[in-house]
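Here are the chains, one letter per residue:
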Amino acid sequence: MTVTLITGGNKGLGFETARQLISAGHQVWIGARDPDRGQRAADQLGARFVPLDVTDDASVAAAAHRVGELDVLVNNAGIAGERTDPAGTTAGHMRRVYETNVFGPVRVLHAFLPLLQKSGQPVVVNVSSGLGSIAAAAAPGSPVAAFAMVYSSSKAALDMLTVKYAAAFPDMRVNAVDPGFTATDLNQHRGTQTVAEGARVIVQYAMIGADGPSGGFFSSSGPVSW
Ligand code: NAP
């Protein structure tokens, strides 16, 4: 059976991704930083729960030890951070968001790499965002240009990590996905898609075969411009 870990799986897109992957036959671990929320979500889904705070080295190392074997890693945990404009953005704003959205996936991948390398078909899905697209941000009149600088930049950094990891591990499928604007706590449920719609592309790339692409950035409608 395919063993899958989803970070930040206790709610939102992570929870829905877990639900869909369990339906597809995966054995899913829900990683969550809050034990009550994590255990409750796992019980609801028929998943297993592992305490996992992506900002904490010891927590991530303990989670890798506990999980023991892994085929699919979904780096889903993410935060929006404060919506500062460029002039008001400090290194502190950046550091807080990068700790979760950028250093988190690095920390988790580094700790789980030995497990993934023992898998016959290892897969990593980095949950990015269309807001991380530099091409979209640079387009004339783009609403992304000045808005959400910290968050957008963290997802652009995650995209670069995706390309670097894919090149470093040719036997692994490593892709970034954009779920699209989805109603979750992250955006106070202003998103226009349901979590079922948003999770679809995460599930698609979590279930990708060994002959599938690696080092790409995809939404449900196909490749996304970096
Ligand atoms: P959400 O409902 O707020 O869920 C975020 C999840 O991440 C929660 O489970 C949260 O746990 C967890 N998390 C945050 N910090 C963590 C940490 N340090 N360690 C472990 N878990 C942590 O938001 P969402 O919309 O489902 O977001 C999931 C991913 O999709 C994020 O990477 C986000 O950037 C990306 N995304 C979302 C949208 C959208 O429109 N919603 C669009 C593009 C990309 P707690 O419950 O403990 O806070």
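Up top is the structure.
Since the model is a prediction, treat every value here as computed from it, not as a measurement.

Undergrad: I keep staring at the pairing of strand β5 (residues 123-127) and nothing clicks. Help me out?
TA: On any regular strand, side chains alternate: one points to one face of the sheet, the next to the other face. Among the five residues of β5, five are classified as buried, and the element is accordingly described as predominantly covered. Residue alternation in β5 divides its side chains into two sets, V123, V125 and V127 and V124 and N126, and both sets are buried. Pairing of strand β4 (residues 72-75) with β5 involves four bridges; the strand directions are parallel. In the sheet register, V74 faces β5, and the bridge partner there is V125.

Undergrad: Just to check I follow, could you spell out the pattern of salt bridges for this structure?
TA: Where charged atoms of side chains with opposite charge meet at close range, the side chains can pair. The full count for this structure, using the stated rule, is six salt bridges. D57 is the salt-bridge partner of R107, the closest N and O atoms lying 2.7 Å from each other. On the criterion of sequence distance, the pair formed by R107 in helix α5 (residues 103-116) and D57 in helix α3 (residues 57-67) is long-range, its members being 50 residues apart. On the basis of relative accessibility, which here comes to 16%, the residue R107 falls in the buried class. For D57, a relative accessible area of 56% puts it in the exposed group. The shortest N-O distance in the salt bridge between R107 and E99 comes to 2.7 Å.

Undergrad: I keep staring at the packing of helix α4 (residues 91-101) against α5 and nothing clicks. Help me out?
TA: Packed helices, taken two at a time, are described by the angle between their axes plus the distance between the axes. Relative orientation of the contacting elements α4 and α5 amounts to 30°, with a least axis distance of 3 Å. Viewed along their axes, α4 and α5 adopt a mutual orientation that is roughly parallel. Across from Y98, E99, T100 and N101 in α4, the residues of α5 making contact are F103, G104, P105 and R107. Per-class residue counts for the contact of α4 with α5 are three nonpolar, three polar and two charged.

Undergrad: Sorry, what's going on with the packing of aromatic side chains here?
TA: Centre distance and the angle of the planes are the two values used to describe a pair of aromatic rings. As enumerated under the stated definition, the model contains four aromatic pairs in all. Between Y98 and F103, the aromatic rings sit 6.2 Å apart at their centres with planes inclined by 70°, giving edge-to-face as the arrangement. A relative accessible area of 17% means that Y98 is categorised as buried. A relative accessible area of 36% places F103 in the partly exposed class.

Undergrad: Would you mind going over the sheet that holds β4 with me for this structure?
TA: The pairing of strands in a sheet comes from backbone hydrogen bonds and takes either a parallel or an antiparallel form. Sheet architecture is open: eight strands sit in the order β3-β2-β1-β4-β5-β6-β7-β8, paired in mixed fashion. Looking at which strands have only one partner, the edges of the open sheet turn out to be β3 (48-51) and β8 (222-223). As judged from the five bridges shared by strand β1 (residues 3-7) and strand β2 (residues 27-32), these two strands associate in the parallel manner. The residue of β2 that forms the bridge with T4 is V28. Helix-sheet contacts for helix α1 (residues 12-23) involve β1 and β2, and the interaxial angle to β1 is about 165°. Running at roughly 165° to β3, helix α2 (residues 35-45) makes contact with β2 and β3 of the sheet.

Undergrad: How do you make sense of the nonpolar core when you look at a structure like this?
TA: The tendency in soluble globular proteins is for nonpolar side chains to be buried side by side. The biggest cluster of nonpolar side chains holds 27 residues, and the ones touching the most others in it are V28, I30, V74, V125, I202 and Y205. Secondary-structure elements contributing two or more residues to this core are α1, β2, α2, β4, β5 and α8 (195-206). With six residues, the single largest contributor to this core is α8. Other than its neighbours up to four places away in sequence, Y205 contacts V123, V125, N175, V177, P213 and F218. Formed by 25 residues, the second largest nonpolar core is a distinct cluster that contains V3, V54, V67 and L113.

Each value, and the rule that gives it
- Residues numbered from 1 in each chain as written.
- Predicted model: local features only at pLDDT ≥ 70, side-chain atom pairs only at ≥ 80, totals over all residues.
- Heavy atoms only, no water.
- Buried < 20%, exposed > 50% of the residue type's maximum accessible area, 1.4 Å probe, protein only.
- Helix = DSSP H or I, 4+ residues; strand = E, 2+ residues; numbered from the N terminus.
- Pairing = 2+ DSSP bridges.
- Salt bridge = Lys/Arg side-chain N within 4 Å of Asp/Glu carboxyl O.
- Axes fitted to C-alpha atoms, helices over the stretch in contact; angles between N-to-C directions.
- Parallel < 35°, antiparallel > 145°, perpendicular 65-115°, else oblique.
- Contact = heavy atoms within 4.5 Å.
- Nonpolar A, V, L, I, M, F, W, Y, C, P; charged D, E, K, R; others polar.
- Phe/Tyr/Trp six-rings, centres within 6.5 Å; stacked < 30°, edge-to-face > 60°.
- Core = buried A, V, L, I, M, F, W, Y, C linked by side-chain atoms within 4.5 Å.

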